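Residues per chain, in single letters:
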2 protein chains.
Amino acid sequence: MKRRAADTPGLISFAGGLPAPGEFPRAKLAASFVRALQNPSCPALQYGWPEGDEDLRAWIAGQLRRRGAQVARDDVIVTSGAQQAVSLAAQLLLRGPRARTGVDRESYPGALDLFRELGATVVDDGSHVDAYYLMPAVSNPRGRKLSRSDRARVLSTLRPIIEDDAYADLSFDGAAPRPLLAEAPDRVFHVGTFSKTLCPGLRIGWLVPPRSLRAEILQLKQSDDLQAASLPQAVLEDYLRTENFDQRLVRLREFYGRRADRMERALRRHLPGWRFDPPTGGFAIWVEPDAEPNEAFLLAAAIEHGVAFDPGSLFRAHGAVSPFALRLCFSSVACDEDLDEGVRRLARCWAEVA
Amino acid sequence: MKRRAADTPGLISFAGGLPAPGEFPRAKLAASFVRALQNPSCPALQYGWPEGDEDLRAWIAGQLRRRGAQVARDDVIVTSGAQQAVSLAAQLLLRGPRARTGVDRESYPGALDLFRELGATVVDDGSHVDAYYLMPAVSNPRGRKLSRSDRARVLSTLRPIIEDDAYADLSFDGAAPRPLLAEAPDRVFHVGTFSKTLCPGLRIGWLVPPRSLRAEILQLKQSDDLQAASLPQAVLEDYLRTENFDQRLVRLREFYGRRADRMERALRRHLPGWRFDPPTGGFAIWVEPDAEPNEAFLLAAAIEHGVAFDPGSLFRAHGAVSPFALRLCFSSVACDEDLDEGVRRLARCWAEVA
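Everything numeric in this text was worked out from a predicted model, so none of it was measured.

(A) Summary view of empty space enclosed by the protein. Going through the model one piece at a time under the given rule, you end up with four cavities of 30 Å³ or more. Reported here for the largest cavity is a volume of approximately 80 Å³. What lines the largest cavity is a set of 17 residues, among which Ser 80, Arg 203 and Ala 229 of chain A together with Ser 80 and Ala 229 of chain B lie closest to the centre. Its residues assigned to classes, the lining of the largest cavity comprises nine nonpolar, four polar and four charged. When its volume is computed, the second largest cavity comes out at roughly 60 Å³. Forming the boundary of the second largest cavity are Val 138, Ser 139, Asn 140, Pro 141, Gly 143, Tyr 167, Gly 281, Gly 282, Phe 283, Ala 284, Arg 327 and Cys 329 of chain A. Class assignment for the residues of the lining of the second largest cavity results in six nonpolar, five polar and one charged. Taken together, domain 1 (2-24 + 246-353) and domain 2 (26-242) of chain A each give at least three residues to the lining of the second largest cavity, which thus spans both.

(B) Main features of unusual backbone geometry. A cis geometry characterises the amide bond from Ser 322 of chain A onward to Pro 323 of chain A, with omega recorded as 0°. Note on placement: Pro 323 of chain A falls in the loop between strand S12 (310-311) and strand S13 (326-329). Looking along the chain, the bond that leaves Asn 140 of chain B and enters Pro 141 of chain B is cis, with omega of 15°. Here Pro 141 of chain B is to be found in the loop between strand S5 (131-134) and helix H6 (148-156). At Leu 226 of chain A, a position not held by glycine, the phi torsion is positive, near 65°. The backbone phi angle of Arg 203 of chain B is positive, close to 50°, even though this residue is not glycine. Its location among the elements puts Arg 203 of chain B in the loop between strand S7 (188-193) and strand S8 (205-208).

Calculation rules
Residues numbered from 1 in each chain as written. Chains lettered and ligands numbered in written order. Predicted model: local features only at pLDDT ≥ 70, side-chain atom pairs only at ≥ 80, totals over all residues. Heavy atoms only, no water. 1 Å grid on protein atoms, 1.4 Å probe; cavity = no way out; pocket = protein on both sides within 12 Å on 5 of 7 lines; lining within 4 Å. Points joined across faces, edges and corners; volume = space filled by probe spheres on them. Nonpolar A, V, L, I, M, F, W, Y, C, P; charged D, E, K, R; others polar. Domains from an automatic or database assignment. Helix = DSSP H or I, 4+ residues; strand = E, 2+ residues; numbered from the N terminus.

So this is what it looks like as structure tokens:
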């Protein structure tokens, strides 16, 4: 269905969780690439160490220290995107046939698929688990911050936590909050990425595992794919050294915050019966409409109407289609007007189907 | 020890299996990058499909068809280097606690580590196995082609085979041979990479699994790291479209063949007691000296003398240090003269230690 949508001309896609391509700093990345190739030993094109580029790791550690976590350069492992970081942590935490992971009522499908692939049981009911997978700063798909009480409750269980911070820098109201890593570095596996704030095509993320497990994680990483690609690491290292990334983040927060507002207004106008909590960050709005149509049928009808979305079942531990819900990404449409037009198309489709 | 060697100034390294950095086509890759960023939808920086870039897969399939294998574009999965391709195949083939992999008497350490990591038993004695891992065109570390009789024997067992073709295009005497994939596409997992023929920094490899298992492999790939990085794929796709890769391969075969010759001559002159079979391709010579010194001690002494090598135990299924052997890579030294000087240093060290 995803591929069918991608092949439909003129479609407005609220699916996929993609960043806005217009915000990719193309010219600056090209300049960084050219500079990176001028290094005489040319590390950009050669094999590198499994833990990743030293300067890049120092930069990542510095960002985490600013947020209150005691992280040194050598605590950081550069990964092939955040997905691999979650995968490495999960491979270590979810061994054995009866492993259980605790997740939010809705969570990131790529992680849910991974946990199932590893044979783990995924639960969202607060029962005993071997590890949690959470997005405390900005959740996906809801785009909300973990509440104080839930934060305290999860920490009090003393279980290991995979903290997926993919959207943390994209809280609309300001800088990323204090990570769980700062509270419990001995059992938090902290995951981050440049995919949302810079561009996904680099596939550069990171993992900060507990120090005592670093060597084991690094061995897993090496067996998986030796190392994250040197070329994107070299480009990124140069880019971060020469550009003001904080300024970029301020601009991105405004950009996505404005898009969220506009989509909320369009939803209230054209689909007043649909319930949602306004997101406080991220790329999407989680919507719970006022009827229970067949999910696959609605998606097919929506594509006919020239608009796509992510069906709610994707985000649920057991793939439940009820209560009916959907994720609407405002992040990657070509222009702001597409937000209004896409919602109008959704409303027309809804009037026909539901 | 590897890191200590990397930090020793003036060291001549015969370790690591790295390609010659002087052969990286820097300017052409930079031009490809700049062109790739001019594509209005900018796939180089955005998320892509898990199976990889369509045109790149078509190119890879075309190369394999020229070698006699019936491969279509959609049979190919682009991976984060050959290591991930081996890892995906192994994850699927070596499930269960008693899985056994058959390998050559000496094999690629990254694969051996991976199989152990997965809990498999690695055997080199011809006993029953669940799958083979082989490098039939050009083996690592010996740089030799699988003999006709061994090829026939392995095929006759009807077991699945991971065919690692990393060095296949670097046979000194000409084009890559017919792959095992051409004989048994229903049970060969064919692995390739651009790391040896172009540059490792892209981390772009591929896997051609049996058709019936493609969907399952793709699911594993997606859980591992979503997709290979878009940026290197876009650069590569442009590069392959605009350059004559066959011509590059001809030049590289001459380049590495000449280096192999020169190192063989230096070994015969300075270490006449060391036995080796001249490699017919690849980056290295596998040497069996005429004494049995302590491996770690010899390596430390060699680094003191300003030369490094890969100890033989790394390449053995059970890490055996005896019979004493070592791998000497002629591929990545700064210039041809370093081959002579490095071997002279080795000879001086050997005279002291052995």
